[in-house]
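# Structural characterization, general
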Amino acid sequence: MGSRFARLDSKESAFFQRECEYVKTRTYDQKTPNLKGLTLVPQASGIPLGTSEITYRRYAETGQAKIIANYAKDFPRVDVYGEEDTVKVYDIGAYYGYNIKEIRESALTGKRLDQRRATTVRNAIDRKLNELTLVSNKETGTYGLLDFPGLTESTLPADGDGSSKSWAVKDADKIIRDINILLSSVIETTKGVEVPNTLLLPLNTYTSLQARRLGDTDSSLLKYIKDNFPLLTKIDWLNELGTIGVGKTGRVMVGCIDEQHVENQIVNQFEQGDVQQEGMEYQIPCMASTAGVIVYYPQAFAFADGIQ
């Protein structure tokens, strides 16, 4: 079928191959856009290319040490147990391409092929990886950080104006209390084994806390939170938190975000295939592979809905 369509001659083909390699190299060198999920969640390492599924356990510790006497034989048993789960690895794909006329015009004028097409594909794939990092996907069954099964759900008091949970109508003291409730949901439940290091907010809530002043001072409520919760080494916003809560309300989350507790199972970050001709166009397929996010210790995370 392909023989019925026009093809590049040998010189044109050689030019296109050189140009295509240049574009591919530039695309590989592209910095990942500022997609917060991909920079927030640690990347799992050592997953071989070609992996089709990943089996893991969500862990909890049991038992405790005790004081023992000389020659004691009754050492207490401590252990770790977990629920086993398996997630499949899914491919993400898109392509860019150039038609024969564009390639010939480029060869004739000495102009380089449009790099932006390759960059657009890279960005599109990164955006999809970012989405799957943060939000679970019902179609594939992969999990995201913000709604991973087993996270502790907290209920914040509805004592703002009009009996609302929204931080927009709560005073500073009540917002500080709500943060303490979330932290306690992790710290007290795990008896201090897990201590959250991260607070994540919807963008509107984050900017509101940044703009709200404490009394007549120049200090913002956001700065006060940063200064008075030293265990929280990161306070940031995520657009996805704005509507992920029940009834599309805003969600606030605290958790232990490091490679011990959560990892992003991206098997293949970005790959470009060989050039393929389709009719009058030469296409370059691109792909990535992921199994979503695995939270190894869900009890190290807590969330609450309705803050906006």
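This report concerns the structure included in the present document. Just so it is clear, the structure is predicted and the values come from calculations on it, not from any experiment.

## Topic: the overall build of the chain
Looking only at helices and strands, the chain has seven helices and 11 strands in total. At 26 Å, the chain has a C-alpha radius of gyration far larger than the 19 Å of a compact globule built from 308 residues. Based on the C-alpha atoms only, the size of the chain along its principal axes is roughly 85 × 65 × 30 Å. The burial tally for the chain puts 44% of its 308 residues in the buried class. In the chain, the proportion of contacts linking residues at least 24 apart, taken out of those at least 6 apart, comes to 76%. Surface summary for the chain: the accessible area is close to 16900 Å², and the carbon and sulfur share equals 49%. Side-chain charges in the chain split into 36 positive and 41 negative, and the spacing between the mean points of these groups amounts to 4 Å.

## Things to note about the packing of helix H5 (residues 172-187) against helix H7 (residues 221-228)
In contact at an axis separation of 11 Å, H5 and H7 are set at 40° when each is read in the N-to-C sense. Judged by the angle between their axes, H5 and H7 are oblique. Taken as a pair, H5 and H7 cross one another with a handedness that is right-handed. Within the contact between the two elements, H5 uses Ala-172, Ile-175, Ile-176 and Ile-179 and H7 uses Leu-221, Tyr-224 and Ile-225. Taken together, the residues of the contact of H5 with H7 break down into seven nonpolar, no polar and no charged.

## Here's the deal with the sheet that holds strand E6 (residues 234-237)
What links the strands of a sheet is backbone hydrogen bonding, and the strands pair in either a parallel or an antiparallel sense. Within the open sheet, the five strands sit side by side as E4-E11-E7-E5-E6. Their pairing is mixed. Each of the sheet's edge strands pairs with one partner strand only, and the pair in question is strand E4 (152-153) and E6. Pairing between strand E5 (residues 198-201) and E6: four bridges, direction parallel. Within the sheet, the bridge partner assigned to Leu-199 lies in E6 and is Ile-235.

The rules we used
- Residue numbers here run from 1 along each chain, matching the order of that chain's written sequence.
- Only residues with pLDDT of at least 70 are given local features in this predicted model, and only at 80 or more are side-chain atom pairs given and counted; all residues enter the totals for whole chains, interfaces and linings.
- For the side-chain quantities, the full set of heavy atoms in the structure was used; hydrogens and water were omitted.
- Numbered from the N terminus, helices here are DSSP runs of H or I no shorter than four residues, and strands are runs of E no shorter than two.
- When we talk radius of gyration, it's over C-alpha atoms, and the globule rule is simply 2.2 Å times the number of residues to the 0.38.
- Burial classes: relative accessible area under 20% of the type maximum marks a residue as buried, over 50% as exposed, and values in between as partly exposed (1.4 Å probe, protein chains only).
- Only heavy atoms enter the contact rule, under which two residues are in contact if any of them lie within 4.5 Å.
- Note that accessible areas follow from Shrake-Rupley with a 1.4 Å probe, and for residues the cover is restricted to the protein chains shown.
- A residue counts as positive if it is Lys or Arg and as negative if it is Asp or Glu; His and the chain ends are not included.
- Note on charges: their place is set at NZ of Lys, CZ of Arg, CG of Asp or CD of Glu.
- In this analysis, axes come from line fits to C-alpha atoms, helices being fitted only over the stretch in contact, and the angle between any two N-to-C directions falls in the range 0 to 180 degrees.
- Small angles under 35 degrees read as roughly parallel and large ones over 145 as roughly antiparallel, with 65 to 115 read as roughly perpendicular and the rest as oblique.
- A clockwise turn of the near helix away from the far one marks a right-handed crossing, whereas an anticlockwise turn of less than a right angle marks a left-handed crossing.
- Residues were grouped as follows: Ala, Val, Leu, Ile, Met, Phe, Trp, Tyr, Cys and Pro as nonpolar; Asp, Glu, Lys and Arg as charged; and all remaining residues, including Gly, as polar.
- Two strands pair under a simple rule: DSSP has to find at least two bridges between them.

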